[in-house]
Amino acid sequence: MDEQSTSNHMQMCEKVSRSYQIIGRKWVAPIVHTLMEEPKRFSEIHAVIPDLSKRVLNERMKELEEEGIVIRNVIADRPVRTEYSLTRKGTELARALSSIGQWAKKWL
């Protein structure tokens, strides 16, 4: 391998490793899966994943927002509501996780 392809290979390995760090965090996949269909409020996400504590859900939502996977939408109705939805980046991640889910259903 020449120097350029070695550098490209290392960059790809770093990106793949980083993606595994993100999706490997506990509860990330179920949260992303929950948001695949439509935006949801915090309480709706928590209702779908009841074993997930509100504290950890709050942490994960902040992390996913920082990663650009989830967007937090404040809706200025009365009362004010907050909904979470997937970004384009998050939607593509959801598709990848869906493929993993299909593999798991078949092989595990």
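Everything numeric here is computed off the predicted structure, so don't read it as measured data. (Residues numbered from 1 in each chain as written. Predicted model: local features only at pLDDT ≥ 70, side-chain atom pairs only at ≥ 80, totals over all residues. Heavy atoms only, no water.)

**Q** Got a minute to help me understand the overall build of the protein chain in this structure?
**A** Within the protein chain, the regular secondary structure consists of five helices and three strands. For the protein chain, the sequential pattern of α-helices and β-strands runs α-α-β-α-α-β-β-α. The C-alpha radius of gyration computed for the protein chain amounts to 17 Å, which surpasses the reference 13 Å derived for 108 residues by more than 25%, pointing to a less compact arrangement than a globule. Overall, the C-alpha framework of the protein chain stretches about 60 × 35 × 25 Å when taken along its three principal axes. Counting across all 108 residues of the protein chain, residues that qualify as buried make up 26%. (Helix = DSSP H or I, 4+ residues; strand = E, 2+ residues; numbered from the N terminus. Rg over C-alpha atoms; globule rule 2.2 N^0.38 Å. Buried < 20%, exposed > 50% of the residue type's maximum accessible area, 1.4 Å probe, protein only.)

**Q** Help me understand the side chain of His46, please; the structure alone is not making it clear to me.
**A** Mapped onto the fold, His46 is located in helix H3 (residues 42-48). Side-chain polar atoms of His46 contact the backbone oxygen of Leu52, separated by 2.9 Å. Among all residues touching His46, those that are not within four sequence positions of it are Leu52, Ser53, Lys54 and Leu57. (Polar contact = N/O pair within 3.5 Å; in protein donor to acceptor, adjacent residues only side chain to side chain. Contact = heavy atoms within 4.5 Å.)

**Q** Even after reading the chapter, I still don't get the UniProt feature "domain: HTH hxlR-type" (unreviewed entry) in the protein chain, so can you show me in this structure?
**A** Within the UniProt annotation, "domain: HTH hxlR-type" (unreviewed entry) is assigned to residues 13-108. From the first C-alpha to the last, residues 13-108 spans 26 Å; its make-up is 60% helix and 15% strand. (UniProt positions renumbered as here; feature names shortened; annotations may be inferred.)

**Q** It is not clear to me how the sheet that holds strand E3 (residues 81-86) should be interpreted in this structure. Could you clarify?
**A** Whether parallel or antiparallel, the strands of a sheet pair through hydrogen bonds between backbone atoms. A sheet is described by the order of its strands in space; here three strands give the open sequence E1-E3-E2, paired in antiparallel fashion. Since the sheet does not close on itself, it has two edges, and those belong to strand E1 (40-41) and strand E2 (70-75), each with one partner. Bridge count between E1 and E3: two bridges; the pairing is antiparallel. Note on E3: the bridge partner recorded for Lys40 is Tyr84. (Pairing = 2+ DSSP bridges.)

**Q** Any chance you could explain the pairing of E2 here in plain terms?
**A** Look at any regular strand and the pattern is simple: side chains alternate between the two faces of the sheet. Pairing of E2 with E3, which is carried by six bridges, proceeds in the antiparallel orientation. If you follow Ile75 over to E3, its bridge partner there is Arg81. In this structure, the hairpin formed by E2 and E3 is closed by a connection of five residues.

**Q** Whenever I open this one, the environment of Leu93 confuses me. Can you help?
**A** Relative to the helices and strands, Leu93 is located in helix H5 (residues 88-107). Judged by its relative accessible area of 17%, Leu93 is buried. When the C-alpha atoms of Leu93 and Val32 are compared, they prove to be 8.1 Å apart, with 61 residues separating the residues in sequence.

**Q** Sorry if this is basic, but what is going on with the nonpolar core here?
**A** Soluble, globular proteins show a tendency: their nonpolar side chains are buried together. Core analysis: the largest hydrophobic core is formed by 19 residues, its most contacted members being Ile31, Val32, Leu35, Met61, Ile69 and Val70. Among the secondary structure elements, those contributing two or more residues to this core are helix H2 (28-34), helix H4 (54-66), E3 and H5. With four residues, H4 is the largest single contributor of residues to this core. Residues contacting Ile31, with those up to four places away along its chain left out, are Ile49, Leu52, Leu57, Arg60, Met61 and Leu64. (Core = buried A, V, L, I, M, F, W, Y, C linked by side-chain atoms within 4.5 Å.)

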